[in-house]
Amino acid sequence: MKLIGPFKQIVPLRHLPLRGKLEDEQLEVIENGGILVAEDGRIERVGAFSDLERLASDVERIEGDKVALPAYTDCHTHICFGGNRANDFAMRNAGKSYLEIAAAGGGIWSSVQHTREASEEELLALLLPRIASLVRLGITTIEIKSGYGLNKVQELKMLRVIASAKKHTKASLISTCLAAHMKPKDFEGSPSDYLDYVLREILPEVKAEGLSDRVDIFIEKSAFQPQESLLFLQKAKAMGFEVTVHADQFTPGSSRIAVEVGARSADHLEATVAEDIAFLASSETVAVALPGASLGLGEPFTPARKLLDAGGILAIASDWNPGSAPMGNLVTQASILATYEKLSTAEVLAGMTYRAVHALGLDDRGILDAGKKADFVVYDTDNFQNVLYQQGQLWPSMVYMDGCKG
Ligand code: NIG
Ligand code: FE
């Protein structure tokens, strides 16, 4: 067994509640701590370095003052894409409307066209550096959605690219089928006909090839309507998929559908109204704030404070995508969300770790404790508060996955 340490501080985030508000006083901070890792890459024990030394066969010594935290999980990204939407961003900032941007060749459809044009090899070559940049930030579990293919061949292509990316990284990649991102412009039929096509043609193949066990849908005026979406989600669930929803981004109401269908998570929620906050916060569905989309679009932040005060399970994810959230720095975004929404450090760290893990249905990571995956992030600092204080500018000096430096 290998002992890694001593760390000036380890903040293991263990023994904390899954839901509701957290105060920083609840955080366990182990001074001069060590992490004991078993051969299989799982944590054996976390505690005082001096107590663990006698149990270790090998010591990986950490020099200088360093802080260790559980590695982060980004539970909502769209990082498998071709092309670039810098022109959308510039036009939006210059005051152009959604319709004007679409008419100028922008919007989701433009990413669909660029992604369709890319070969699997090209798409993989675009995806891998994005994964690497998330890992450099300390994110070792990454959810990645399809949704820029929007027909059977192209959606499967995207999911196969995500599957092949797994062979090139030690990070855990969790893929989600977002064929229901919008009705593609070249589909003949109604949005609801398209959802039937996804259920009939795409999802059975996704299942047969083992490409994903999660399904997402964008419920919004410009995409799919509440009732057809509810039916779609129920059918996807009946096929054995976990479901998640892009909900209440601009129009309220769809987080209710996510809860009614028992979705793992309802993501966005920038427009969620008071009674829906209460409904969501008392459910098992994780509320996922995407501050990167608020910053990319100049829209309000998800009401994270209210969701937590109402007892909700709040995760924070980047939504990294070429359109609404081009930044891709979850730590910066979460730290800005904390400033505007008045979140404690504990709430932000929980939202990027064990609560985000729960949104993906995993239970083997996200805290530093016996039996968990030894994925952790190390900062060259003597105080864990500096991570959010420096708003993403304090980069990890090391990122460990399964007890080994990544
Ligand atoms: O999560 N809201 C819908 N989908 C993405 C945006 C994707 C895009 O603009 O390409 C989102 O913000
Ligand atoms: Fe998204």
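Everything below is about the structure printed above this text.
Scope of this entry: the structure provided in the associated data block.

This next bit is on the coordination of the iron ion (ligand 2). The protein atoms donating to the iron ion (ligand 2) are His-76 (NE2), His-78 (NE2), His-246 (NE2) and Asp-319 (OD), with metal-donor distances spanning 2.1 to 2.2 Å. Taken in sequence order, the residues that donate to the iron ion (ligand 2) follow the motif H-x1-H-x167-H-x72-D. A residue pair is termed long-range when its members are at least 10 positions apart, and His-78 in the loop between strand E6 (72-74) and helix H2 (86-93) and Asp-319 in the loop between strand E13 (314-316) and helix H13 (330-341) qualify at 241 residues. Owing to a relative accessible area of 2%, His-78 belongs among the buried residues under this scheme.

Moving on, we get to unusual backbone geometry. Across the junction of Gly-5 and Pro-6, the peptide omega takes the value 0°, indicating a cis bond. Positionally, Pro-6 belongs in strand E1 (residues 2-10). With a phi angle near 60°, Leu-13 is a residue other than glycine that sits in the positive phi range. Summarising the element assignment, Leu-13 is placed in the loop between E1 and strand E2 (30-37). With a phi angle near 55°, Asp-248 is a residue other than glycine that sits in the positive phi range. Tracing the backbone shows Asp-248 in the loop between strand E10 (242-247) and helix H9 (254-260).

On the secondary structure map, Pro-322 appears in the loop between E13 and H13. Beyond its immediate stretch of four places on either side in the chain, Pro-322 contacts His-78, Phe-81, Arg-85, Ser-111 and Tyr-148.

The environment of ligand 1 is formed by 14 residues, the closest being Tyr-148, His-181, Gln-249, Asp-319 and Ser-324. His-181 is positioned with one of its side-chain polar atoms (N or O) 2.8 Å from a nitrogen atom of ligand 1. Here ligand 1, which alone exposes 320 Å², has 96% of that area covered by the protein. Among the cavities detected, the one that contains ligand 1 is the largest pocket.

This paragraph deals with empty space enclosed by the protein. Tallied over the entire structure, the rule returns one cavity of 30 Å³ or more. Looking at the largest cavity, its volume works out to about 50 Å³. Forming the boundary of the largest cavity are Pro-70, Ala-71, Thr-73, Thr-140, Thr-141, Val-357, Arg-365, Gly-366, Ile-367, Lys-373 and Asp-375. In terms of residue class, the lining of the largest cavity is built from four nonpolar, four polar and three charged.

What follows is about the sheet that holds strand E8 (residues 172-180). Spatial strand order, E6-E7-E8-E9-E10-E11-E12-E13: eight strands in an open sheet with parallel pairing. Unpaired on one side and paired on the other, E6 and E13 mark the two borders of the sheet. Strand-to-strand twist of the sheet, defined as the mean angle between neighbouring strand axes without regard to direction, takes the value 25°. Sheet topology note: the strand E12 (residues 286-289)/E13 ladder contains three bridges and is parallel. Across the sheet, the residue bridging to Val-288 is Ala-315, located in E13. Packing against the sheet, helix H5 (residues 120-136) makes contact with E6, strand E7 (139-145) and E8, and its axis sits at approximately 140° to E7. Against the sheet, helix H7 (residues 191-208) contacts E8 and strand E9 (214-218), and its axis sits at roughly 150° relative to E8.

We now examine the state of the cysteines. This model, assessed by the stated rule, comprises zero disulfides. Lacking any disulfide linkage, Cys-75 is separated from the closest cysteine sulfur, that of Cys-177, by 18 Å. Of the cysteine sulfurs around Cys-177, a residue in no disulfide, the closest is that of Cys-80, at 12 Å. Among the residues examined, Cys-177 registers a relative accessible area of 1% and is labelled buried.

This next bit is on helix H4 (residues 108-117). Buried residues dominate H4, accounting for seven of its ten residues. Residues of H4 that are buried sit in contact with H5, helix H6 (152-165) and E9.

Here we take up the pairing of E1. Residues in a regular strand point their side chains to alternate faces of the sheet. Of all the nine residues making up E1, seven are buried; the element is thus mostly covered by neighbouring parts of the structure. Relative to strand E4 (residues 58-61), E1 runs parallel, the two being bridged by four bridges. Paired with Lys-2 across the bridge in E4 is Asp-58. As paired elements, E1 and E2 share six bridges and run antiparallel to each other. The partner of Ile-4 across the bridge, within E2, is Ile-35. Taken together, the two bridges between E1 and strand E5 (residues 67-70) define a ladder with parallel strand orientation. Considered in E5, the bridge of Ile-10 is made with Ala-68.

Another point: the nonpolar core. Across soluble globular proteins, you tend to see nonpolar side chains buried next to one another. Grouped together as the largest cluster of nonpolar side chains are 103 residues, with contacts concentrated most on Leu-69, Tyr-72 and Phe-232. With eight residues, H7 is the largest single contributor of residues to this core. Dropping the residues within four chain positions of it, Tyr-72 is found in contact with Leu-137, Gly-138, Ile-139, Thr-140, Thr-141, Val-331, Leu-349, Met-352, Thr-353, Val-377, Tyr-379 and Val-387. Ile-43, Ile-62, Phe-376 and Tyr-400 belong to the second largest nonpolar core, which has 16 residues in total.

Definitions and limits used
Residues numbered from 1 in each chain as written. Chains lettered and ligands numbered in written order. Predicted model: local features only at pLDDT ≥ 70, side-chain atom pairs only at ≥ 80, totals over all residues. Heavy atoms only, no water. Donors = N, O, S within 2.8 Å, 3.2 Å for Na, K, Ca; no water. Helix = DSSP H or I, 4+ residues; strand = E, 2+ residues; numbered from the N terminus. Buried < 20%, exposed > 50% of the residue type's maximum accessible area, 1.4 Å probe, protein only. Contact = heavy atoms within 4.5 Å. Near = heavy atom within 4 Å. Polar contact = N/O pair within 3.5 Å; in protein donor to acceptor, adjacent residues only side chain to side chain. Areas by Shrake-Rupley, 256 points an atom, 1.4 Å probe, with all protein chains shown as cover. 1 Å grid on protein atoms, 1.4 Å probe; cavity = no way out; pocket = protein on both sides within 12 Å on 5 of 7 lines; lining within 4 Å. Sits in = over half its atoms within 2 Å of the grid points. Points joined across faces, edges and corners; volume = space filled by probe spheres on them. Nonpolar A, V, L, I, M, F, W, Y, C, P; charged D, E, K, R; others polar. Pairing = 2+ DSSP bridges. Axes fitted to C-alpha atoms, helices over the stretch in contact; angles between N-to-C directions. Disulfide = S-S within 2.5 Å. Core = buried A, V, L, I, M, F, W, Y, C linked by side-chain atoms within 4.5 Å.

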